[in-house]
Amino acid sequence: MTSADPSTPTPSPLPDGPVPSPRSAVPSAASIVRARRRASLIRFWRQYRTHRAGLFGLAGLALVALTALAAPLLVGGDVQSVTRAPGKALEAPSGQFLLGTDQFGRPLLGLLIWGARISLTVGLLAAALSVAIGTLVGVMAGHFGGWPATVTMRITDWFLVMPTLVLAIVLATVMSRSVWTVIVAIGVTSWPTTARLVRAQTIAVESRPYIERARALGGGHGHIMTRHVLPNVMPLVLAQTTLGISSAILTEATLAFLGLGDPTIVSWGGMLQDAREAGAVSSGHWWYLAPPGLAIAFVALAFTLCGRAIETVLNPKLAVPR
Amino acid sequence: MVHSLPPRTPRPQPVRRRPRLRLLLASGAASAALVAGTVLPVQPLLPAPQQARAADDGKKVLTVAVSQSVDSLSPFLAQRLVSTTLHRLTYEYLTNYDPKDAHAVPGFATAWQPSASKLTWTFTIRDDSKWSDGVQATAEDAAWTFNKMMTDENAATANGSFTANFKKVTAPDPETLVIELKKPQATMTALDVPIVPKHIWEKVGDFSTFNNDKQFPIVGNGPFIVTDYKVDQYVRLKPNKDFWRGAPKFDELVLKYYKDGDAAVAALQKGEVSFTSGLTPAQAAALKSADNIKVNDAPGRRFYALVTNPGARSKDGATFGNGHPALLDPAVRKALFQAVDRKAIVDRVFQGHAVEGQGYIPPRFGAYFWQPSESQRIAYDPAAAARTLDAAGYRKTGGGKRVGKDGRPLDFRILCHATDPNDKAIGKYLQEWWGRLGIGLKVECLDNVSDPWLAGDYDLAFDGWSVNPDPDYVLSIHTCDALPATPKDTGATDNFICDKEYDGLYAQQAVEYDTAKRAELVKRMESRLYDTGYMNVMAYPNAVEAYRTDQIKSITTMPEAAGNLWGQDGYWSWWSAVPAGDGGGSGGSSSSAGVVIGIGAAVVAAAALGLFVAMRRRSTAEDRE
């Protein structure tokens, strides 16, 4: 699909040539690296800034992340308590309960804010797991080649053609119900795309002369994979993670909606499932259904916008000519 | 959603799991993730099609929405409520229950008489009942049915408990059936055994695999005849014009499958179905204000209880399972039940559509209903619960956790049915109530609770049974006799309870023909069961159902005063249903809510469009390259 190539030689921020005096400001290797990273980060941000959609996504994410982190302060940990629920069952939105109440009399606004924590946590961890598996498989397959690569890639293909949702449902059904089950179910079913991308990038990187040089200097498999290949596939992995989060959040919501999540934990998909079980759909309690649905759509959109922007910055070939 | 508990099943929890995968896949495809919450609500917005009952040829069709899958159409195997209901409609039983007070009334038999020794019963069989293929139904059919169940173990799967005590069954003439018993049996006028036509069934080879669903119409002599059946799609029945009590008024009865409760309610609102059951409080409230729909909120025939694992064991003396040992201490169980606010469960979870739990048998069966006396009642009192635990030596540690003398913390698991919203909801309350006592609770919601249950791998569980007018069966599942033979076997036991005193009373009531004396014994059994403290009835949930008054003019509930329609002990509701005149309004309800939901859907669609555009931009960039 895409092949980001961030390994273009970075102009060193320091002047070339002999160092004037051994005593004064000898830039250590570490400081050079630090300065170079800072510079590339600034450059990255400058380019990212030009993508308006990406900024929108970032602002939305910041808002949701802040809300999720501040949830205990905003609504208090008591919001999940059914025995201390302040309202009556399924109250319509009012001054006291801005989004109404659920079937236990708990305020839906509080649950929505609280649910952001689980949805974000599961999204981030599942995407991280998926990308970690994908990167490991991809780098190994790309580096070693031969029959082990063929075998792993056939396995990858097999996972690629399996419908992710069906596989995740099966996994969530056979394992006990918990947040970790959902994370694992999403993680182990959505890695093949990453694996394919990373493998292609690994092969491209390994064909470069400096890898051959490193090998000639005695660099082993581990050295080449971790010191040369991995840093070069990292940007791709980063973009892939950002995009993966939104699909992980959607899958989490779907699984919870289908009743496969942990019923004791408040999440957005779980709220939709609770609403369905309470009969909110046929009895017209729209205020129970719409907010979690919109929240899911909003966060997924925000992550997608960010992911696309990052991808475009890292891979100039994707940039729209302006 | 999960409402229809079969009246009798040998499983610990009679909520049989229907195959969910198909539903999951279907809804998974439909929900397409982000629109999950907004796809379903669109359904009621679709233009309402013409009412199903006003079929082209003017046939009056009564459509009933059901969700439970049929386990078998063979009366020798069927145990689920939907299947036994179908058998009530299609076969005659020796006796039936009166819709008013459930006393025995003539069914296939017109009269019955026990001998002075109480060991021989003579039934007079009616001469005006014909099988639907024209053959006269006689006592010979009944004798053959019972003899088959007594001699073929596979034919005794579903109802073998009724014939286990039979010594000999004969039909001296077509109108006389004689049953000889080994010892007296109190359930002789409540034999829930469908009588099948001998000339059809004697050709059947293996009763364990024959499901009676290949040849239609199925020969029977009840008020309806099954004409067609498709697994999890529909069951069609036509009225038996020659039925001795009179033919049903509708031209067709259809059981139509809706695996989603909300979809069934939407179909009712549109007039696609005439009846649906198992409503949630919110659905019942919404339907109450709808035109042409009557909500029937009747005292249920079911109890809903909390049970503790009393140490799973089998008849050979072996113990198995991994129940928490602290639950063997009566003080711990008492404290747990003391901390359960049953009134809050009725008010908040059932929202008034239930009655607070007392004894084992619901108050609807007045003769057998028992309430604990003041001295034995375990009332809601969290402070007393804490005192009970303190006194028994379960002290709170620094972290607020209770630990036993062996140092093991009181952390329990509770088995919950993933498809039952009430289990999940009450689980949340229990976690908080018990959490304040310093007791941890893990709610384990499973699609299939039978496996850990039968293996004894649980601490607590949610339990519920439908009770028949004759309580023999629900009482029998707590006797030592019901325990599995070995840990590998499956017993009829509900919860591995085995108590000598209870068993003695059970044996006494089983042979007691005097109803008043038997009721007294049954109440003593309930009292004993309450005192053993292994189970605590939290509530008797109501049967919450709704039907369209523009399709059904009148229908008989059971009990007649305030009773249910689905899952009756008899065929009264569907047999008695009278079709409404041809007016028939279409369902146009909840449109305002629909519009608002529609707007929500539009917003989500707009968001999706945004995504799509973003992706398009990217792909065009690629193309341009």
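Note that the structure is a prediction, hence the values are computed from the model and not measured.

K.L.:
Go over the overall build of chain A with me, naming the residues and quoting the values.
P.N.:
Summing up its helical and strand segments, chain A has twelve helices and zero strands in all. Start at the N end of chain A and walk to the C end: the helices and strands fall as α-α-α-α-α-α-α-α-α-α-α-α. The burial tally for chain A puts 45% of its 322 residues in the buried class. Considering only contacts in chain A between residues 6 or more positions apart, those separated by 24 or more positions represent 71%.

K.L.:
Describe the packing of helix H8 (residues 192-206) of chain A against helix H10 (residues 221-257) of chain A, naming the residues involved and giving the relevant values.
P.N.:
Residue and element names in this part refer to chain A. Remark: H8 packs on H10, axes separated minimally by 10 Å, with the N-to-C direction vectors making an angle of 150°. Accordingly, the angle class assigned to the pair H8 and H10 is roughly antiparallel. Crossing hand, H8 versus H10: right-handed. Mapping the contact onto sequence places Thr 194, Leu 197, Val 198, Gln 201, Thr 202, Val 205 and Glu 206 in H8 and Val 229, Asn 232, Val 233, Leu 236, Val 237 and Gln 240 in H10. Its residues placed into classes, the contact of H8 with H10 shows seven nonpolar, five polar and one charged.

K.L.:
Which residues make up helix H9 (residues 209-216) of chain A, and what values go with them?
P.N.:
Little of H9(A) sits out of view: just zero of its eight residues are buried. After H9(A) finishes, the residue A:Gly218 shows a positive phi value of roughly 100°.

K.L.:
Break down the sheet that holds strand E6 (residues 166-173) of chain B for me, citing the residues and quoting the values.
P.N.:
All names here are of chain B. Strand order in this open sheet of four strands is E4-E5-E7-E6, and the pairing throughout is antiparallel. For this open sheet the edge positions go to strand E4 (109-114) and E6, each flanked by a neighbour on one side alone. Within this sheet the neighbouring strands show an average axis-to-axis angle of 20°, counted without direction. Of the strand pairs in this sheet, strand E5 (residues 120-125) and strand E7 (residues 176-181) are connected by five bridges, and their pairing is antiparallel. Residue pairing for E7: Trp 121 is matched across the bridge by Ile 179. Contacts from helix H4 (residues 139-151) reach E5, E6 and E7, with the element oriented near 160° to E6.

K.L.:
How would you explain the confidence of the model for chain B if you had to name every residue and give the values?
P.N.:
All names here are of chain B. Taken over all residues, the pLDDT of chain B has a mean of 84, while the share at 70 or more is 84%. Counted against residues more than four places away or in other chains, residues 583-592, with its pLDDT under 50, gives 22 contacts. In this model, residues 619-625 is a region of pLDDT below 50 whose contacts with residues beyond four sequence positions or in other chains number five contacts. Of the two predicted TM-score estimates for the complex, the pTM is 0.79 and the ipTM is 0.77.

K.L.:
Describe the pairing of strand E10 (residues 252-257) of chain B, naming the residues involved and giving the relevant values.
P.N.:
Residues and elements named next belong to chain B. Sheet topology places strand E1 (residues 61-66) next to E10; six bridges connect them, and they run parallel. The residue bridging Leu 62 from the neighbouring strand is Leu 253, located in E10. Pairing analysis gives four bridges linking strand E9 (residues 234-239) to E10, with the strands arranged antiparallel. Bridged to Arg 236 within E10 is Val 254.

K.L.:
So what about helix H11 (residues 268-277) of chain A? Which residues, and what values?
P.N.:
Helical periodicity: at 3.6 residues per turn, an α-helix aligns residues three or four positions apart in one direction. All names here are of chain A. Counted residue by residue, H11 has ten buried out of ten residues, so it is predominantly covered. Turning to H11, its buried residues number three or more, namely Trp 268, Gly 269, Gly 270, Met 271, Leu 272, Gln 273, Asp 274, Ala 275, Arg 276 and Glu 277. At the C-terminal side of H11, Gly 279 shows a positive phi close to 80°.

K.L.:
If you had to explain the nonpolar core to someone new, which residues and values would you point to?
P.N.:
Within the largest apolar cluster, 163 residues are counted, with the highest numbers of intra-cluster contacts made by A:Ile296 and B:Ala142. Among the elements that take part in this core, helix H12 (residues 286-314) of chain A stands out by supplying 19 residues, more than any other. The next biggest cluster of nonpolar side chains, apart from the first, holds 73 residues, and it includes B:Ala418, B:Ala425, B:Ile497 and B:Met538.

K.L.:
Describe in detail the packing of helix H2 (residues 52-69) of chain A against helix H4 (residues 108-144) of chain A, supporting the description with residues and values.
P.N.:
All names here are of chain A. Where H2 meets H4, the closest approach of the two axes is 8 Å, and the angle between their N-to-C directions is 110°. By the angle class used here, H2 and H4 are roughly perpendicular. Contacts between H2 and H4 involve Val 64, Ala 65, Thr 67 and Ala 68 from the first element and Ile 113, Ala 116, Arg 117 and Leu 120 from the second. Of the residues that constitute the contact of H2 with H4, the class distribution is six nonpolar, one polar and one charged.

K.L.:
Could you give me a rundown of the sheet that holds strand E20 (residues 535-541) of chain B, with the residues and numbers involved?
P.N.:
Residues and elements named next belong to chain B. On the basis of which strands lie adjacent, the open sheet formed by six strands has the order E14-E20-E13-E19-E17-E18 and mixed pairing. Strands with a single pairing partner mark the edges of an open sheet, and in this sheet they are strand E14 (354-356) and strand E18 (440-446). Strand-to-strand twist across the sheet, computed as the mean angle between neighbouring axes with direction ignored, equals 30°. In this sheet, E20 lies alongside strand E13 (residues 302-308) in antiparallel orientation, the contact comprising four bridges. Pairing of Ala 305 across the sheet is with Val 537, part of E20. Contacting strand E17 (411-417), E18 and strand E19 (460-466), helix H12 (residues 421-437) crosses the sheet at an angle of about 170° to E18.

K.L.:
Break down the pairing of strand E8 (residues 224-230) of chain B for me, with residues and values.
P.N.:
Residues and elements named next belong to chain B. For E8 and E9, the ladder comprises six bridges, and the chain directions are antiparallel. Within the sheet, the bridge partner assigned to Asp 228 lies in E9 and is Arg 236. Linkage of E8 to E9, two consecutive antiparallel strands, is achieved through a turn of three residues, within which Asp 232 is found at a positive phi near 55°.

K.L.:
Requested: an account of the environment of A:Ile183, with residues and values cited.
P.N.:
Residue and element names in this part refer to chain A. When you line up the elements, Ile 183 lands in helix H7 (residues 179-187). Taking the number of C-beta atoms within 10 Å as the measure of exposure, Ile 183 has 22 and is therefore buried. The residues touching Ile 183, leaving out its near neighbours within four places in the chain, are Val 122, Leu 125, Ala 126 and Leu 129.

K.L.:
Residue-level account of the environment of A:Gly100, with values.
P.N.:
Residues and elements named next belong to chain A. With respect to the helices and strands, Gly 100 occurs in the loop between helix H3 (71-74) and H4. Here Gly 100 falls in the buried class, since 20 other C-beta atoms lie within 10 Å of it. For the pair Gly 100 and His 223, spaced 123 residues apart in sequence, the C-alpha separation works out to 58 Å. Not counting residues up to four positions away in its chain, the partners in contact with Gly 100 are Glu 91, Ala 92, Pro 93, Leu 108, Trp 287 and Tyr 288.

Scoring rules and cut-offs
- Throughout, residues of each chain are indexed from 1 in the direction in which the sequence is written.
- Chains and ligands are labelled by the order in which they are written, letters from A for the one and numbers from 1 for the other.
- Whole-chain, interface and lining totals are the exception, using all residues; otherwise, since this is a predicted model, local features are given only for residues with pLDDT of at least 70 and side-chain atom pairs are given and counted only at 80 or more.
- The numbering of helices and of strands both runs from the N terminus, where a helix is a DSSP run of H or I of at least 4 residues and a strand a run of E of at least 2.
- Field definition: a residue is buried when 20 or more other C-beta atoms are found within 10 Å of its C-beta, exposed when 12 or fewer are, and partly exposed for counts in between, with C-beta atoms placed from the backbone.
- By the criterion used throughout, residues are in contact when their C-beta atoms, derived from the backbone, lie within 7 Å.
- To get an axis, fit a line to the C-alpha atoms, keeping to the stretch in contact for a helix; angles then go from 0 to 180 degrees between the N-to-C directions.
- Angles are sorted into four bins: roughly parallel if under 35 degrees, roughly antiparallel if over 145, roughly perpendicular if 65 to 115, and oblique for all others.
- Crossing handedness is defined as follows: a turn of the near helix away from the far one that is anticlockwise and smaller than a right angle gives a left-handed crossing, while the clockwise case is right-handed.
- Polar here means any residue other than Ala, Val, Leu, Ile, Met, Phe, Trp, Tyr, Cys and Pro, which are nonpolar, and Asp, Glu, Lys and Arg, which are charged; Gly is therefore polar.
- For two strands to be treated as a pair, DSSP must find at least two bridges joining them.
- Per-residue confidence from the predictor is reported as pLDDT, which spans 0 to 100.
- Throughout this description, the term nonpolar core refers to a group of buried Ala, Val, Leu, Ile, Met, Phe, Trp, Tyr and Cys residues whose C-beta atoms join them within 7 Å.

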